[in-house]
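# Coordinate analysis (summary)
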Amino acid sequence: MSPSNNSNPYSTALFAGLWKENPTFRLLIGLCPPLAVTTAVKPALTMGLSVIFVLVCSNIVVSLMRNLIKPHVRIIMFTVTIATFVTICDMFLKAFTPKMSEILGAYVPLIIVNCLIIFRAEACASKSGLVVSILDAVGMGAGFTLSLCVLAGVRELLATGHVFDIRVMPEAYVPCLAFQMPVGAFVTLGLLLGLIALLTRKKGA
Amino acid sequence: MSKLKLFARESWLLLVSSFVFGLLIAVTNAALSDRIEQNKSAKLNELTKTLLPNAEIFQPVQAEIEITLPDGSKEPARIFEALSADKQRVGWSFMARGSGFSGDIELVLAADRDFQKLMGYNVLVSSETPGFGDQMKNDYYRNQFVNAPTGQLTLSKTGDPATVDNQIVAMTGATVTSTAVVNIVNTFVVQIKDQMTKKGLIGNVAQ
């Protein structure tokens, strides 16, 4: 976290992840889910909410234990903490949204190795109080979810003509199935990154 | 002794946390495992019922039936006897799996009450390419397995997919997936039929 000196640390923690430090579009971290689970908006949203849950829980635990964790065992402590909440999240998805759990498949357990979560534990939760850590987790998680949904929206629209299972394109639209495949994920992400770079350069950010 | 003290001082938090986290996972698992199992069974029943519409009860077959996979490994077959509401046998269902174009394919297959004809398959797990191998879920390919004989099936590139025989017409642009599905069906159906016949589970096979 890099709060600017002249702003409220709580609002900085909450809003930085949405745009200024958006994990996908600005920091380019944790790119496995944005490439893998963005074939449609529903799985992308489920993945985003799962990441928010894991991020908030792990940041709470790490923040509470930050004065007790020895520096040389901190990475393994973070990993154990994250793995616990990912396992719990996976079980909840299997129990309450089995179809979504099936669609997301191995990508839910793979949240354990998502560098966004361990990065926030290291950069924010291990150095900040409980409130700032929670706000940071919510903000970063929301920014991550937003970027997943934007990517998924573009890909679902171009690949099927639908968004959120609602028909958007006219009947005459010929679906471009390449956008459902990995190549579609890379192309969409690349184009969005280019667009964001163009916009931010114009603004001088 | 000092080493032990050092170990305890440096790692007590990790040990305590691991214990607490393990407990947390165990409690969650205890609370949700029944529901997760119910979901799995419900999905399996739902997929099997589309193949055997008259089936109401799926009773696991207790006899040990072992399948030899193409790589030489062996695994126990999961077979269910499908019964109607009045406990009459209406068919059999079983799981089958194998390698596809991108990852494993898992199918649920059904056969008629005498194991003479296939009643079709449904896809449990697959990550085949959308628009290509993914067509294995479409009726065009699936319907060729309905009423096909429970013997060796062969794959052909041309032919009439509407004809019911042991020739399966491949999906255009998805030869690997087409071959994979036929191989999975051949591996499991033939072995299950042979072993069930030997064990006397299907009696009137010669008819």
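Shown above is the structure to which this text applies.
Numbering of residues begins from 1 in every chain and follows the order in which that chain's sequence is written. Here the convention is simple: chains get letters from A, ligands get numbers from 1, in the order in which they are written. In view of the model being predicted, local features appear only for residues whose pLDDT reaches at least 70, and side-chain atom pairs are presented and counted only at 80 or more, with totals across whole chains, interfaces and linings using the full set of residues.

All names here are of chain B. Numbering of helices and strands runs from the N terminus, with a helix taken as a DSSP run of H or I at least four residues long and a strand as a DSSP run of E at least two residues long. In a helix, the anticipated span is given by 1.5 Å times the number of residues less one. Taking 1.5 Å of rise per residue, the 24 residues of helix H3 (residues 175-198) would be expected to cover 34 Å, and the 35 Å separating its terminal C-alpha atoms lies within 8% of that figure. Comment: burial labels come from other C-beta atoms within 10 Å of the residue's own C-beta, placed from the backbone, where a count of 20 or more is buried, 12 or fewer is exposed, and between is partly exposed. When we look at burial in H3, the residues that qualify are Thr177, Ser178, Ala180, Val181, Val182, Ile184, Val185, Phe188, Val189, Ile192 and Met196. Looking one or two residues beyond H3, the residue adopting positive phi is Gly200, at roughly 75°.

Turning to the interface of chain B and chain A, a few remarks are in order. Any pair of residues counts as being in contact when their C-beta atoms, constructed from backbone geometry, are within 7 Å of one another. Contacts between the two partners involve 19 residues from chain B and, on the opposite side, 19 residues from chain A. For the side of chain B that touches chain A, the class distribution of residues is eight nonpolar, eight polar and three charged. Each residue gets one of three labels, nonpolar for Ala, Val, Leu, Ile, Met, Phe, Trp, Tyr, Cys and Pro, charged for Asp, Glu, Lys and Arg, and polar for the others, Gly among them.

Residue placement: Ala16 of chain A occurs in the loop between helix H1 (9-15) and helix H2 (32-36). Expressed as a C-alpha distance, the spacing of Ala16 of chain A and Ile166 of chain A, which sit 150 residues apart in the sequence, is 32 Å.

Below, the discussion takes up the nonpolar core. Counting residues in each nonpolar core, the largest one holds 46 residues, and the members touching the most others are Ala44, Val54 and Ile117 of chain A. Here the element with the most residues in this core is helix H7 (residues 130-160) of chain A; it accounts for 11 residues. For Ile117 of chain A, the contacting residues outside a window of four places in its chain are Val54, Leu55, Ser58, Ile82 and Ile111 of chain A. As used throughout, a nonpolar core is a set of buried Ala, Val, Leu, Ile, Met, Phe, Trp, Tyr and Cys residues joined through C-beta atoms within 7 Å of each other. The next biggest cluster of nonpolar side chains, apart from the first, holds 39 residues, and it includes Leu51, Ile79, Leu153 and Phe188 of chain B.

Moving on: the sheet that holds strand S4 (residues 79-83) of chain B. Residue and element names in this part refer to chain B. Taken in spatial order, the five strands line up as S1-S4-S5-S6-S7 in an open sheet, and their pairing is antiparallel. The sheet is open, and its two edges are formed by strand S1 (57-60) and strand S7 (118-125), each paired on a single side. The average angle at which neighbouring strand axes cross in this sheet is 25°, direction not considered. The criterion for strand pairing is that DSSP finds at least two bridges linking the strands in question. Bridge count between strand S6 (residues 104-111) and S7: six bridges; the pairing is antiparallel. When the sheet's bridge partners are listed, Val108 is paired in S7 with Asn122. The sheet strands contacting helix H1 (residues 2-51) are S1, S4, strand S5 (89-99), S6 and S7, and the helix crosses S7 at an angle near 155°. Every angle, taken between N-to-C directions, lies between 0 and 180 degrees, and every axis is a line fitted to C-alpha atoms, over only the stretch in contact when it is a helix.

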